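Spelled out from the first residue to the last, the chains are:
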Amino acid sequence: MSRRWSLQEVAQHDTSSSCWVIIRTKVYDVTTFLSVHPGGADIILRHAGLDVTVEYESIHQPHTLERSLPAESYMGDLNSVAAHRLAQEHALRRGMSDEFCMENNCRKPPIDRVLNLRVMEEAAKSVMSSRAWDYYSSGSDDEITLCENMRAFSRFFFMPRAMMPVSNCDISTTILGFKSSIPVFISGAAGARLGHPLGEANITRGAGRTGIIQMVSSNASLSYAEIAASRISDAQALFFQLYKHTDALAETRIHEVESLGYNAIFLTVDAIVSGFRVREIRDSFVPQGTERASEQTQTPVWHANVSSNVPRAPTTSSRTDEEVVKPTITIATVVKPVDRDMSWERTIPWLRMVSRLPIVIKGIQTVEDAVLAADAGVDGIVVSNHGGRQLEFSLPPIEVLYKIRKQRPDVFGKLEVYLDGGVRRGTDVVKALCLGARAVGLGRPFLFAQSAYGEEGVVQVVRILEREILTTMRLLGASTLKDLEPSLVERVDWQPRYKL
Ligand SMILES: Cc1cc2nc3c(=O)[nH]c(=O)nc-3n(C[C@H](O)[C@H](O)[C@H](O)COP(=O)(O)O)c2cc1C
């Protein structure tokens, strides 16, 4: 039988030469893991000798630790006194968290009063922790691209046709051959459990119930298997967003999601390094105890923070250049670095060899790259700048789509073109479709919706968009998506008054 440990005994292993942590009453020796932890050693050392269950589970997929550590790193369980003490602490946290949630739930409107995505965002802000809010809502640097992504849609006006029969209006479509009830998909975004305990499962179920398709992030906070198991039926399509690290890791992931029944690979190419998101970093994933003082004035969190664990100040030893630039820990720093040497010549043929699934390139930002993607024979592209979270001063995706339409309309005949970034209205969706997009993706609105209302929030977002798209189509004189063509929109070269 393995040894049982007291909290005091575990607490003695709090240095880089002997570093232990507790996760759900199990004790692990992570000393050898310090040098290979993708987020660096500091974040673990701040918690050395302590219970890290909440911090660990809010950003890692289940079983990440077991997969990363050799079996002998598991040192045994806590003894009954220690386990009881931690259980009490966790119960206290949950109790406070429930109280906070009840208090917060009173602040948000009933879901049937959430009539557009702006109200959904406000509802989410009123219930989310500041940490989760900042992670979801932030953009890079001065957030200019983040704002312009939305504002750019306001420069496109409609040229509606009159006397067109529209009582039967069909807005269903297919994306890569998979049915979608509206021309909208959910763009892959990391860390849904930061906003709601059920995380990505809310999104999967909401997508299944409304007949739209979810793209699952490589950095999802539930495992790919748990997400697949949350589908409402085996026929529900799921796309997989791939961050390519090493060839070997990417192959393992691809084979895993293929065997789970995922239906396409979306390779992200706009995040070779992480953008510098000031709000996210300022309010980042520093150990919860170190946030305690400032949290008294902040919005309550799902996992309230009352642990007796007292994390230590970061050490400055063994930091890489990038960690020095990036002063605190964010999701971006706890995941493995992306392959910085991807190329059209090598990566696409390699991906075709590894997978039989359709391949879409996510993060296309120029006409030239749209053409190269078509030449490379991929099945689709997402015109995207990662929701303004990566390169500051990237052009808004709707402007890039407009350029592709004007300069290389042949691209639309060679692959499916999608767009994401700043889509908040049915009119935005219809404008993109007029310019040639097959469908558009939304990231933040689904994160906000599931944070505020769980699965029902996701359903409500789809209902809102469905109503807005239908109204726009009818007023435009279009009864099917095929009727949406470039002549129905005009880009103006002045900036309309636009309230963000
Ligand atoms: C919190 C957050 C996390 C994201 N995580 C990922 C990710 O893991 N992989 C990825 O390719 N894109 C990621 N994205 C980008 C989205 O896929 C999408 O491109 C972007 O959210 C679209 O902009 P929108 O939020 O304005 O709709 C993320 C976006 C947000 C807001």
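Residues numbered from 1 in each chain as written. Predicted model: local features only at pLDDT ≥ 70, side-chain atom pairs only at ≥ 80, totals over all residues. Heavy atoms only, no water.

Remarks on the overall build of the chain
Put simply, the test is: Strands are runs of DSSP state E lasting at least two residues, helices are runs of H or I lasting at least four, and both sets are numbered from the N terminus onward. For every residue, the accessible area obtained with a 1.4 Å probe (protein chains only) is divided by the maximum for its type, and the residue is called buried under 20%, exposed over 50%, and partly exposed between those limits. Whether two residues are in contact is decided by their heavy atoms: any pair within 4.5 Å suffices. Note that accessible areas follow from Shrake-Rupley with a 1.4 Å probe, and for residues the cover is restricted to the protein chains shown.
For the chain, the helix and strand inventory stands at 22 helices and 17 strands. Going through the 500 residues of the chain one by one, you find that 58% of them count as buried. A sequence separation of at least 24 residues applies to 76% of the contacts in the chain between residues at least 6 apart. Accessible area of the chain: about 21600 Å², with a carbon and sulfur share of 56%.

Considerations on the site of the ligand
Counted only if it meets this: Nearness is defined per residue: one heavy atom within 4 Å of the molecule or strand is enough. For the purposes of these results, a polar contact is taken to be a pair of N or O atoms within 3.5 Å, where, inside protein, one atom must be able to donate a hydrogen and its partner to accept one; residues adjacent in sequence count only when each atom of the pair is a side-chain atom. Amino acid classes used here: Ala, Val, Leu, Ile, Met, Phe, Trp, Tyr, Cys and Pro are nonpolar; Asp, Glu, Lys and Arg are charged; the rest, including Gly, are polar.
Taken together, 23 residues lie near the ligand, and Gly188, Ser217, Thr268, Arg424 and Gly443 sit nearest. One nitrogen or oxygen atom from the side chain of Gln241 is found 3.1 Å from a nitrogen atom belonging to the ligand. A distance of 2.9 Å separates an oxygen atom of the ligand from a polar side-chain atom of Asp420. Here the ligand, which alone exposes 600 Å², has 99% of that area covered by the protein. Taken together, the elements giving at least two residues each to the shell around the ligand come down to α7 (130-137) and α21 (444-453). Along the lines of polarity and charge, the residues of the shell around the ligand split into seven nonpolar, eleven polar and five charged.

Looking at the sheet that holds strand β3 (residues 18-23)
Put simply, the rule reads: Pairing between strands is defined by DSSP: at least two bridges between the two strands are required.
Taking strand neighbours across the sheet as the criterion, the five strands line up as β1-β5-β4-β3-β2 in an open arrangement whose pairing is mixed. The open sheet terminates on both sides in strands that have one partner only, identified here as β1 (4-5) and β2 (14-15). Of the strand pairs in this sheet, β3 and strand β4 (residues 26-29) are connected by four bridges, and their pairing is antiparallel. Its bridge partner lying in β4, Trp20 is registered against Asp29.

Things to note about unusual backbone geometry
Despite not being glycine, Thr25 has its phi angle at roughly 70°, a positive value. Here Thr25 shows up in the loop between β3 and β4.

Concerning the packing of aromatic side chains
Using the following cut-off: In this scheme Phe, Tyr and Trp rings, the latter by its six-membered ring, pair at centre separations within 6.5 Å, and the angle between planes marks the pair as stacked below 30 degrees, edge-to-face above 60, and tilted otherwise. As a reminder, the over-ring test applies to NZ of lysine and CZ of arginine, requiring each to be within 6 Å of the ring centre and within 35 degrees of the ring normal.
Counted by the stated rule, this structure contains 14 aromatic pairs. The interplanar angle of 55° and the centroid separation of 6.4 Å between the aromatic rings of Tyr136 and Phe448 together place this pair among those described as tilted. One end of the pair, Tyr136, is in helix α7; the other, Phe448, is in helix α21, with 312 residues separating them in the sequence. An identical accessibility class is assigned to Tyr136 and Phe448; each is buried. Seen in terms of ring centroids, Phe178 and Phe239 are 6.1 Å apart; in terms of plane orientation they differ by 70°. Their pairing is edge-to-face. Pair noted here: Phe178 is in strand β8 (residues 178-180) and Phe239 is in strand β11 (residues 238-242), with a separation of 61 residues, a long-range link. Each residue in the set Phe178, Phe185, Phe239, Phe266 and Tyr418 is aromatic and connected to the rest through ring pairs, giving one cluster. The lysine or arginine in question, Lys431, covers the ring of Phe158, its NZ or CZ lying 5.7 Å from the ring centre.

Re the side chain of Glu416
For Glu416, the location among the structural elements is in strand β15 (residues 416-420). In terms of polar contacts, Glu416 uses its side chain to reach the backbone amide nitrogen of Leu176, at 2.9 Å. If we skip the residues at most four places from it in the chain, Glu416 touches Thr174, Ile175, Leu176, Asp379, Gly380, Ile381 and Arg438.

Some remarks on the state of the cysteines
The test is simple: Any cysteine sulfur atom paired with another within 2.5 Å is treated as part of a disulfide.
All chains considered together, the criterion is met by zero disulfides. The thiol sulfur of Cys169 is not disulfide-bonded, and the nearest other cysteine sulfur, from Cys434, lies at 12 Å.

A short note on the pairing of β11
Definition in use: Convention used here: a crossover is right-handed provided that the path from the first strand, over the helix, to the second strand proceeds clockwise when the strands point away from the viewer.
Of all five residues in β11, five are buried, a share of seventy percent or more. On β11, burial covers both faces: Leu238, Phe240 and Leu242 on one face and Phe239 and Gln241 on the other are all buried. At this point the chain moves from strand β10 (residues 213-216), through helix α10 (residues 224-229), to the parallel β11, and the crossover so formed is right-handed. After leaving β11, the chain enters helix α11 (residues 247-259) and then returns to the sheet as strand β12 (residues 264-268), a path that is right-handed.

Topic: the sheet that holds β12
Strands pair in a sheet through their backbones, by hydrogen bonds, and they do so in one of two ways: parallel or antiparallel. Under the convention used in this document: All axes are obtained by fitting lines to C-alpha atoms, using only the stretch in contact for helices, and the reported angles, taken between N-to-C directions, cover 0 to 180 degrees.
One closed barrel accounts for eight strands, arranged β9-β10-β11-β12-β13-β14-β15-β16; its pairing is parallel. Here the strands of the sheet are splayed against their neighbours by 30° on average, with no regard to which way each runs. Here four bridges tie β11 to β12, and the two strands are oriented parallel to one another. Residue pairing across strands places Phe239 opposite Ala264, the latter belonging to β12. Against the sheet, helix α20 (residues 426-434) contacts β9 (184-186), β15 and β16 (439-442), and its axis sits at roughly 140° relative to β16.

Things to note about the confidence of the model for the chain
Worth spelling out the cut-off: Values of pLDDT, the confidence the predictor places in each residue, fall between 0 and 100.
Of all residues in the chain, 87% attain a pLDDT of 70 or more, and the chain-wide mean is 88. The low-confidence segment residues 286-308 (pLDDT under 50) makes 66 contacts with residues lying over four places distant or belonging to another chain. pLDDT under 50 marks residues 313-328. Its contacts with residues more than four places away, or in other chains, come to 23 contacts.

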